[in-house]
Amino acid sequence: MATETDHSLGEAVAARIERRWATLSIVIVGLLVGMAAYIGIHQATMPQGRVETADPKTLHLSGEFIESNLGSEMEADGSVTVRAIGQQYSFTPQCVVVPAETPITFRATSADVVHGFLIEGTNVNTMLVPGYVTALPVRFKAPGDHVMPCQEFCGIGHQGMWGKVKVIDKAAFRDLAAAKRRLTCVD
Amino acid sequence: MSDQPLFSPRNPWFGISVGVTAAIAVLSAIAGLIWLPLAQPNLKLAGVWDAICSAAGVPRAAVQEAGVKPDFKTSNVVMTSEMLTKVDQVSIGRGATLAQRCAICHGPQGVSDAHSPNLAGQFAAVTYKELNDFKTGARVSVVMGPFAAAMSDQDMKDVAAYYAYLPRVPSDNLDTGRAAPAVVVTGAPMRNIPPCGSCHGDIDNKAGSPWLGGQSAVYIKAQLEAFASGARRNDISQQMRNIARRMTPEEIDQVAHYYEAQP
């Protein structure tokens, strides 16, 4: 009978340990899901909300990425939309001008191969994939200049491909936007 | 105990593990596919189904129309690297006849000393694109405009095929010993200038970029200056204006003379 008692005792201990490990695993899984949600919400990973397509061969013919429509646009709600394209081997516009302390949406795509889209000093770091529109929200805290290098090897002229982002004072931007509907700082 | 099957609804361990796993999956799916997308006001979602489709990555065409239309003609050529790369003998033959009217400036063999571009051996896609841009007015020239205006799409393809078929002829200024300027070989990365050779054929060729070897220095210089000033705007999405704008007058001079001396 003594072995019977030992057996049930062992079974109870095993069950308790099993339950604790299972609980711990569930807590870890829950924590990871929560982390993914938290960094998604707080713009650390910047997941894109929609998958939008655009034909890289005909960007210059129609739609929002034609040459005259590229640059920064002041929206009715006070936010700013910036449209740009990457191509071998430059960004158009070469210099992007945006206001500080304003919600900004970048909409960009590639006209040929995969390019990188990175704004130094911010957490903007994504890819421009031909066929797809990259859209991401950004907010710059203070005026200043940032470089925007292509950080995805795109061909033999890759090292010469970069743009500039010029963050200016909100009021100064508003004055510029009143005079012109698409702004760039290309000189 | 040991007789009890492991994967059975009667095994409480099995039931609870599967239940908890499924519950986590369902809760995560609700959070990821519905709650978080709807929590982003800038997505402007139409409802729960739209939220699920967007989060799951169902692609849709970007339908935004351009708010600002160009106040000048832009190139309407759809450029691909396969464009006009198949040799068609009939097209070349037709092109040879049509090209007689081009000979007065571009030479009977596609080469001339008139500072007009040498077309012999030029990529067919390049000649076709420029003719098309002259025709639509995307590239402005008082000489070429009227010629191109009278050409059909097939005429332009044929002339392009003919000139691509002709052998390149080195210019009188051929000097293969001439050292290549830095901007041709490495570009000027600090000034946002990729190497000329990465598109114009010495290192790699980008669709639509002309072969520059043996072209007149006067012509190359004039085109770079026109791109830099914005007088010429038929380069798709500013691909050449972006570069010419950054080049110094000395660099423009150097590359013009370098390419003139190349085969």
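Keep in mind the model is a prediction, meaning the values are calculated, not measured.

Grouped together as the largest cluster of nonpolar side chains are 33 residues, with contacts concentrated most on Val-98, Phe-106, Phe-117, Ile-119, Phe-140 and Val-165 of chain A. Counting only elements with at least two residues in this core, the list comes to β3 (80-87), β5 (95-99), β6 (104-110), β9 (132-138), β11 (162-168) and α2 (170-179) of chain A. At four residues, the largest contribution of residues to this core is made by β5 of chain A. Look past the residues within four positions of Val-165 of chain A in its chain and what remains in contact with it is Val-96, Val-98, Ile-119, Phe-140, Gly-144, Asp-145, His-146 and Met-148 of chain A. Grouped together as the second largest cluster of nonpolar side chains are 25 residues, Met-79, Leu-98, Leu-131 and Ile-236 of chain B included.

So, on to the domain arrangement of chain A. Along its sequence, chain A is carved into domain 1 (1-45) and domain 2 (52-179). Taking the mean C-alpha position of each, domain 1 of chain A and domain 2 of chain A sit 46 Å from one another.

To continue, consider the state of the cysteines. All names here are of chain A. Considering all chains together, one arrives at one disulfide over all chains under this definition. Two residues share a disulfide in this structure: Cys-95 and Cys-185, whose sulfurs sit 2.0 Å from each other. Judged by the sign of its S-S torsion, about -90 degrees, the cystine formed by Cys-95 and Cys-185 is left-handed. Here Cys-185 lies in the segment after α2 and Cys-95 lies in strand β5, a separation of 90 residues in the sequence. Judged by relative accessible area, which is 3%, Cys-95 ranks as buried. For Cys-185, a relative accessible area of 16% corresponds to the buried category.

A separate point is the pairing of β6 of chain A. Residue and element names in this part refer to chain A. A large share of β6 lies buried, amounting to six of its seven residues. In terms of strand pairing, β3 meets β6 through seven bridges, oriented parallel. In the strand pairing of β6, Arg-83 is matched with Arg-107. Across five bridges, β6 lies against β9 in antiparallel orientation. Opposite Arg-107, over in β9, you have Ala-135 as the bridge partner.

Moving on to the sheet that holds β11 of chain A. Residues and elements named next belong to chain A. The strand order across the open sheet formed by three strands is β5-β11-β10, and the pairing between neighbours is mixed. With one partner strand each, in any of the chains shown, β5 and β10 (144-149) form the two edges of the open sheet. Strand-to-strand, the axes of this sheet are offset by a mean angle of 25 degrees, without reference to chain direction. Across five bridges, β5 lies against β11 in parallel orientation.

This part is about the domain arrangement of chain B. For chain B, the assigned domains are domain 1 (12-56), domain 2 (89-165) and domain 3 (182-260). A separation of 60 Å is found between the C-alpha centroids of domain 1 of chain B and domain 2 of chain B.

Listed as interface residues are 55 residues of chain B and, on the opposing side, 47 residues of chain A. Across the chain B/chain A interface, buried area totals approximately 4,300 Å², and carbon plus sulfur atoms make up 56% of it. Of the charged contacts, one joins Arg-50 of chain A and Asp-50 of chain B as a salt bridge, the two residues approaching to 3.5 Å between their closest N and O atoms. Across the chain B-chain A interface, the total number found is 25 residue pairs in polar contact (both at pLDDT 80 or more). Every element with two or more residues in the side of chain B that touches chain A is listed here: α1 (12-38), α2 (48-56), β1 (59-61) and α10 (241-244) of chain B. The biggest single contributor to the side of chain B that touches chain A is α1 of chain B, with five residues. Looking at side-chain class alone, the side of chain B that touches chain A contains 26 nonpolar, 17 polar and 12 charged residues. Across three bridges, strand β1 (residues 51-53) of chain A lies against β1 of chain B in parallel orientation.

Cut-offs applied
- Residues numbered from 1 in each chain as written.
- Chains lettered and ligands numbered in written order.
- Predicted model: local features only at pLDDT ≥ 70, side-chain atom pairs only at ≥ 80, totals over all residues.
- Heavy atoms only, no water.
- Core = buried A, V, L, I, M, F, W, Y, C linked by side-chain atoms within 4.5 Å.
- Buried < 20%, exposed > 50% of the residue type's maximum accessible area, 1.4 Å probe, protein only.
- Helix = DSSP H or I, 4+ residues; strand = E, 2+ residues; numbered from the N terminus.
- Contact = heavy atoms within 4.5 Å.
- Domains from an automatic or database assignment.
- Disulfide = S-S within 2.5 Å.
- Pairing = 2+ DSSP bridges.
- Axes fitted to C-alpha atoms, helices over the stretch in contact; angles between N-to-C directions.
- Buried area = accessible area lost by both parts, 1.4 Å probe.
- Salt bridge = Lys/Arg side-chain N within 4 Å of Asp/Glu carboxyl O.
- Polar contact = N/O pair within 3.5 Å; in protein donor to acceptor, adjacent residues only side chain to side chain.
- Nonpolar A, V, L, I, M, F, W, Y, C, P; charged D, E, K, R; others polar.

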